[in-house]
There are 2 protein chains.
Amino acid sequence: MVDLIKNFKSGPLDVYRKKSTFDWKKLKLFLESEEVIKYENDLYEELQQYSEFRGNNVTVQRTFEEERIVAARQSNLLRNIKLLSLEYTIQNFKFPTTANRIRTQFIPSAAIKFTVSNTLFVNAIYSLGTGRHVKFITDIENGKISGCYCLTEIGHGSNAKGMQTTATYNKERQVFILNSKDFQAAKCWAGGLGQTATHALVYAHLIVNNVNQGLHCFIVPVRDPDTLLAYPGITVGDMGVKIGLNGIDNGFLILNNYEIPRENLLNKLGDITDDGQYVTPFKDKNKRHGAALGTLSGGRVMITAMCEAYCTKALTIALRYAAIRRQFGPTEDNEVSLLEYQTHQYRLFPHLATTYVLRVFSTWLVEALYKFNIETALGSNKDEQAALGMEIHAISSASKAVAGWITKYAIQECRETCGGHGYLKAAGIGSIRDDHDANLTYEGENYVLIQQNSNWLLKLWPLILNKQEISSPLESINFLTEALNILEHSKFNIYNIEEICSPKAIIDIYQWLVCYLLKKTYTSLQDKLTSQSHFWAKSSIQVFKAKNLSTAFIQHLMLQIMLQKINEAPEKPIRDVLLKLFALFGLCSLEGHISTLYEGCFATTPQLATLREEAILMLCSNIKNDAIALIDVIAPPDFILNSVLGSSDGEVYKRLQTAIFSSPQSMSRPSWWEELKPVAKCKL
Amino acid sequence: MVDLIKNFKSGPLDVYRKKSTFDWKKLKLFLESEEVIKYENDLYEELQQYSEFRGNNVTVQRTFEEERIVAARQSNLLRNIKLLSLEYTIQNFKFPTTANRIRTQFIPSAAIKFTVSNTLFVNAIYSLGTGRHVKFITDIENGKISGCYCLTEIGHGSNAKGMQTTATYNKERQVFILNSKDFQAAKCWAGGLGQTATHALVYAHLIVNNVNQGLHCFIVPVRDPDTLLAYPGITVGDMGVKIGLNGIDNGFLILNNYEIPRENLLNKLGDITDDGQYVTPFKDKNKRHGAALGTLSGGRVMITAMCEAYCTKALTIALRYAAIRRQFGPTEDNEVSLLEYQTHQYRLFPHLATTYVLRVFSTWLVEALYKFNIETALGSNKDEQAALGMEIHAISSASKAVAGWITKYAIQECRETCGGHGYLKAAGIGSIRDDHDANLTYEGENYVLIQQNSNWLLKLWPLILNKQEISSPLESINFLTEALNILEHSKFNIYNIEEICSPKAIIDIYQWLVCYLLKKTYTSLQDKLTSQSHFWAKSSIQVFKAKNLSTAFIQHLMLQIMLQKINEAPEKPIRDVLLKLFALFGLCSLEGHISTLYEGCFATTPQLATLREEAILMLCSNIKNDAIALIDVIAPPDFILNSVLGSSDGEVYKRLQTAIFSSPQSMSRPSWWEELKPVAKCKL
């Protein structure tokens, strides 16, 4: 273990490191396994070898142009790193999570650009194309062409069915003629399309013999691979400056009677026969539509994992800074670390707990996705696979949204707890926030996306009323078999802090919440349906009901997965500290449910509110001495963290001084200084 | 009124504008008065005349250097605009609020740079200096010199007493010798110090005859006004790239045996006699310390007002976009505006209500501050002024923090409700968030600052127990005279939605909350004091107690001030719509207090939780048709808003198209395109 996990350099963080109640190396080994830590170490070593990955000077603001060229170079390079290749990472289903995390923390723009231009493009061809499209995959892999994925249009994002791009089949010439109705029908936001893609996967309504057969996916050449100039008949370009992720060239595409050959239709879900007829294995048009968009779950699973990556980075910075930064004290010359303050503990430790829960949960979810994809490729039992696919869709639709939100809060709190110095670019938190911000609205705007989860759950209530057994491949809903029993008998009946922190108490609360909110949401929907159309009834059960239901559902699942992991812990000190994180996450996440707990009479006395507050403060206080060791276990190495406030040596002020002194314009007189000379007051 | 308030250009927003239940021009007139609207119009016209204020192309990312030069030019220009001068704005105490809002919304970096380099510098000399310092004020006003304000050090921000800069008096040579102990003692973050200031107001511990007399303020020349080169003996420079507000040159200053003449001590609070002795009118060193920092309230009041300015801007963008943007619908070809969705209403309308409350409240607070400053200058009754000064300090310490937080949430929700397009720089929300972010940590980190408020309130509890009458100049605490009565008799006893929306019900809830949390916090403090030092006891009553107390206190005050304003409304439609905003703000802000309401047995049945949810949904639904008119009343003109999504003509897609097409690199091949050509796979 000595070779596998290196000690940190001794320094001002030693004080807290020595206080921890557990061996941080043992926890790391338990969380990741020897194989994964070795893989991580190899990848870190590899990444440090390339000049393309260096030179991210924290004190300099790159221009838009520089962001682009750096990300393009890095993205190209990622394709060539064997440790990141699919063949390598599927050796161990924890490798993809690790690789995704490291890429996201290190070079987020390049990581996403690589994924959308390569992985997403290739996966979509695998799942929607046939043998005749293999050449595109080969060309991508050889770097001959570069892809992108065009679904969203200027006027339509969440409502995929509302897309306005059409592909009209011309029987005589055996071509599709693609058109964007107007600017609102322009494809947009596609990563890689802005400046670099040569081929786009374009979703368009397929029109054959004047009949609209719904959305299908086409391979559309957009730029000449030899010159990178756009082909005639299309207008393609860049979306412009964004809040973050400016290395990614998100683009737009307007098609004007643009012809592509018949073979470029990805034809697994529907095809054109030689005599110009449309044929499809799907009788149900809605199911075909669902299948056409079926590859999107993967993105949501990976975003769930990205959230953990960002949380970890932000918490590493904020917690180490909190340990080093001193302010006020019992006497004037005895200032104490911010970590000692109750307020600071409460501001950061719940997010530390969240980070651990997200880490365990997203590892589990990515693993489930990879198993699913491989079973699908192997053609395993179709019914089982369909149920599993649906469950992953429903889980990832909630986890992407909820992980996105809690990560947003975590990053922001980290930024604020670093005080004024946290506002420096060199602190590194601003860019994490800006990059994460996209997660909240792409791959499904969170509030719209999470409805996919409640729709799935709502179908269960009639089965529950029917006393059917409820089960699913990943067992996320199995407890609902007991729903009626839970609603009838489960009550808050706890009178001490220890008990409210117990796994049983916390799981009980969340199970009651899911059952109650499911019933409440379902009943409300039925009620609305007596006077409203289905569309408006659905719309009017979201706030306080469907959204809270899906939130509680995914929180419960995260807790369950965390608990499974804790139960495998090799020794008591590790189990104990993880149980504290479990309890802190569970109790703090109840904040948005207090109203429901009292409204639904789960709690009828003040105890729940009182004990929850006391327990949270006790847990924060108990975690204090472990906080630095806990973050050491999951922190990325300094070259990836790249923050003057968060380095593992704790030398905050030295690094701050170096950063400030070395910023290019730090001490030079501005070239435009003469403009600052006194100007006579104008007569205004 | 037709000339005073112009109609908006007809367009797609007409649909909602026609639906509103009140006359938006009458509401605007009521909120602002004819005089203020005229002033606003004049200022808008004036600002549009200068080329320095133009050219803020939303599609372009300015370089760091460009940000700086633009802000420096704009800041210089602001000094010459007569409508913004103190002499002009004090004609009407609502003018400063208006001027502050417009500057903040239009050119935030320049506005703050101007304020800290000029206003703050001048105000500090007025309040701490004497006749011998008037020349510096004259020089600032004539643009001969440029100032900055140096309090914070690298190692100390919130704990002002912990500053490490010293000014040692040398009797022989009649000079102060200034020293920064080390890099942690470097002055930092001072706006204007980075590249442009010639003179700094430096807070340092004054040491006379080896006795430390505490913090005093000195005028320190840092750069030669003729060459803008730093003087020998100091190291002065720029902090570097920040999350936002990059136009402001925040700087650092290290003093190394740097000598300044005796006269440069601002000597109102303490002075050196000709024979080298320290004299002061303050016997109590703590009071002197308080007086030395007394000018800081002004900054907090203005930040409270800046929050409203940012909220208004973000809400204007998000609400207009929500009205135009359609997605999904009862049938495929009948999509509905996002504004029609319950979720979207709940995500935005509470923040619209907040914006109105902040607008009324901050106008009131700025007016109180100006009256206070003028009375102080006139030398009015010192005891009354001291009580008023303390109340403004306590109120602004809570309002700066709470307004900062709610504005943060509002901006972020606006960003997210704009979906993917909200991630574009051209949407304009990202920069609002980045600029506002500084408000959360400067001029007092929010969590530390808000303790100033609870400290003030906690002193009242013994008086309450003593049945003394509680009162203050601004009457913010007068209701506490009834505290014991409220705690004994006030209970939630409401069974219908209408009643829970009534001002009485809402005010009653908040009054109970303040009383209960005051008692809870006080009792907890006494309890902790039996086993802990005062320092640690204070630290351990913050979470769930002191912070919630101050939050409820300021929410109650905001509601009270809003209600006073509503009671002056000229007609029923206006009163009605404002009452809805009042109720929505009041009920939504209870979210963080639900636990307390049940824990303290104010509510003992599910009704409070149930009715609150139902009432919020009803209010959102009722406000829907007024939302666009409500934002029209307070929205800045398009040239200030500068957002492709939020223009008053509602032409979202046209402006989006223009912005995307006209971005500099939109459709050109990148200069580095050849790098993108296929690279052979390396053997890694």
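In the nomenclature of an unreviewed UniProt entry, chain A is known as Acyl-coenzyme A oxidase of Rhynchophorus ferrugineus. Per UniProt, chain A carries the Pathway (unreviewed entry) text "Lipid metabolism." In its Subcellular location (unreviewed entry) section, the UniProt record describing chain A reads: "Peroxisome".

A. The arrangement of the UniProt feature "domain: Acyl-CoA oxidase C-terminal" (unreviewed entry) in chain A in detail. The residues that UniProt annotates with the feature "domain: Acyl-CoA oxidase C-terminal" (unreviewed entry) are residues 503-676 of chain A. For residues 503-676 of chain A, the end-to-end C-alpha separation is 65 Å, with 70% helix and 0% strand making up the annotated structure.

B. Here's a closer look at the sheet that holds strand β7 (residues 234-238) of chain B. Residue and element names in this part refer to chain B. The sheet built from 3 strands is open, its strands ordered β4-β8-β7 with antiparallel pairing. Two strands in the sheet have a free side with no partner beyond their single neighbour: β4 (187-191) and β7. Between one strand axis and the next, the sheet turns through 25° on average, direction left out of account. As defined by bridge partners, β7 adjoins strand β8 (residues 250-255) across 5 bridges and the pair is classed as antiparallel. Along β8, the bridge assignment pairs Gly237 with Phe252.

C. Structural context of the interface of chain B and chain A. Each side of the interface is counted separately: chain B has 139 residues, and chain A has 138 residues. Counting the surface lost from both chain B and chain A, the interface buries some 12,300 Å², and carbon and sulfur atoms represent 58% of this. For the pair chain B and chain A, the number of links is 14 salt bridges. Glu416 of chain B serves as the salt-bridge partner of Lys408 of chain A, at 2.7 Å between the closest nitrogen and oxygen. Among the elements that take part in the side of chain B that touches chain A, helix α4 (residues 64-79) of chain B stands out by supplying 8 residues, more than any other. Considered class by class, the residues forming the side of chain B that touches chain A number 59 nonpolar, 43 polar and 37 charged.

D. Spotlight on helix α23 (residues 607-623) of chain B. Its 17 residues give α23 of chain B an end-to-end C-alpha distance of 23 Å, which sits within 8% of 24 Å, the value for a rise of 1.5 Å per residue. Buried within α23 of chain B we find Leu608, Ala609, Leu611, Arg612, Glu613, Ala615, Ile616, Leu617, Leu619, Cys620 and Ile623 of chain B.

E. Layout of the environment of Ser75 of chain A. Residue and element names in this part refer to chain A. Relative to the helices and strands, Ser75 is located in helix α4 (residues 64-78). Judged by relative accessible area, Ser75 falls into the buried class, the value being 5%. Along the sequence, Ser75 and Glu45 sit 30 residues apart, while their C-alpha atoms lie 18 Å from each other. Apart from the residues lying within four places of it in its own chain, the contact partners of Ser75 are Ala110, Lys113 and Phe114.

F. Spatial organisation of the confidence of the model for chain A. Residues and elements named next belong to chain A. Taken residue by residue, chain A gives an average pLDDT of 95. The fraction at 70 or more is 98%. Note that pLDDT drops below 50 for residues 680-684; the model gives that stretch 10 contacts with residues more than four away or on any other chain. As a predicted assembly, this complex carries a pTM of 0.97 together with an ipTM value of 0.97.

G. Up close: the packing of helix α20 (residues 542-566) of chain A against helix α11 (residues 342-378) of chain B. Viewed as axis vectors pointing N to C, α20 of chain A and α11 of chain B meet at an angle of 105°, and their least axial separation amounts to 10 Å. As far as their axial angle goes, α11 of chain B and α20 of chain A are roughly perpendicular. Across the interface between the two elements, Gln542, Val543 and Phe544 of chain A of α20 of chain A pack against Gln342, Thr343 and Tyr346 of chain B of α11 of chain B.

H. Molecular detail of the UniProt feature "domain: Acyl-CoA oxidase C-alpha1" (unreviewed entry) in chain A. Sites flagged by UniProt as "domain: Acyl-CoA oxidase C-alpha1" (unreviewed entry) map to residues 294-457 of chain A. End C-alpha atoms of residues 294-457 of chain A are separated by 19 Å, and the span's content is 75% helix alongside 0% strand.

I. Structural view of the nonpolar core. By size, the foremost hydrophobic cluster in this structure holds 397 residues, and its most contacted members are Tyr356 and Leu480 of chain A together with Tyr356 and Leu480 of chain B. Summarising the domain contributions, this core has at least three residues from each of domain 1 (146-285) and domain 2 (495-634) of chain A. Apart from the residues lying within four places of it in its own chain, the contact partners of Tyr356 of chain A are Leu27, Leu31, Met562, Leu578, Leu581, Leu630, Val633 and Ile634 of chain A.

J. View of the state of the cysteines. What the rule picks out here adds up to 0 disulfides over all chains. Between Cys418 of chain A, a cysteine without a disulfide, and Cys414 of chain A, which holds the nearest cysteine sulfur, the sulfur-to-sulfur distance is 7.0 Å. Cysteine Cys150 of chain B is unpaired, with the sulfur of Cys148 of chain B as its nearest cysteine sulfur at 4.0 Å.

K. Here's a closer look at the sheet that holds strand β4 (residues 187-191) of chain A. Residue and element names in this part refer to chain A. Strand order in the open sheet made by the 3 strands is β4-β8-β7, with antiparallel pairing throughout. Looking at strand neighbours, the two that pair on one side only are β4 and β7 (234-238), the edges of this open sheet. Each neighbouring strand pair of the sheet contributes to a mean axis angle of 25°, computed without reference to strand direction. Where β4 and strand β8 (residues 250-255) come together, 3 bridges link them in antiparallel fashion. Bridge pairing in β8 places Ala190 opposite Gly251.

L. Local environment of the relation of the copies chain B and chain A. Of the transformation superimposing chain B on chain A, the axial component is 0.0 Å and the angular component is 180°, with the fit at an RMSD of 0.0 Å. Here the transformation between the copies is reduced to the relation of a two-fold axis. Residue by residue, 99% of the interface of chain B is reproduced at the interface of chain A, so both copies engage with the same surface.

M. Spotlight on the pattern of salt bridges. The final tally for this structure, using the stated rule, is 60 salt bridges over all chains. A salt bridge links Asp437 of chain A to Arg433 of chain B, with the nearest nitrogen and oxygen atoms 3.0 Å apart. With Asp437 of chain A in helix α13 (residues 429-437) and Arg433 of chain B in helix α13 (residues 429-437), the pair connects residues from two separate chains. Take Asp437 of chain A: its relative accessible area is 2%, and that puts it in the buried class.

What counts, and where the lines are drawn
- Residues numbered from 1 in each chain as written.
- Chains lettered and ligands numbered in written order.
- Predicted model: local features only at pLDDT ≥ 70, side-chain atom pairs only at ≥ 80, totals over all residues.
- Heavy atoms only, no water.
- UniProt positions renumbered as here; feature names shortened; annotations may be inferred.
- Helix = DSSP H or I, 4+ residues; strand = E, 2+ residues; numbered from the N terminus.
- Pairing = 2+ DSSP bridges.
- Axes fitted to C-alpha atoms, helices over the stretch in contact; angles between N-to-C directions.
- Contact = heavy atoms within 4.5 Å.
- Buried area = accessible area lost by both parts, 1.4 Å probe.
- Salt bridge = Lys/Arg side-chain N within 4 Å of Asp/Glu carboxyl O.
- Nonpolar A, V, L, I, M, F, W, Y, C, P; charged D, E, K, R; others polar.
- Expected span 1.5 Å × (residues − 1).
- Buried < 20%, exposed > 50% of the residue type's maximum accessible area, 1.4 Å probe, protein only.
- pLDDT = per-residue confidence, 0-100.
- Parallel < 35°, antiparallel > 145°, perpendicular 65-115°, else oblique.
- Core = buried A, V, L, I, M, F, W, Y, C linked by side-chain atoms within 4.5 Å.
- Domains from an automatic or database assignment.
- Disulfide = S-S within 2.5 Å.
- Least-squares fit on C-alpha atoms with pLDDT ≥ 70 in both.

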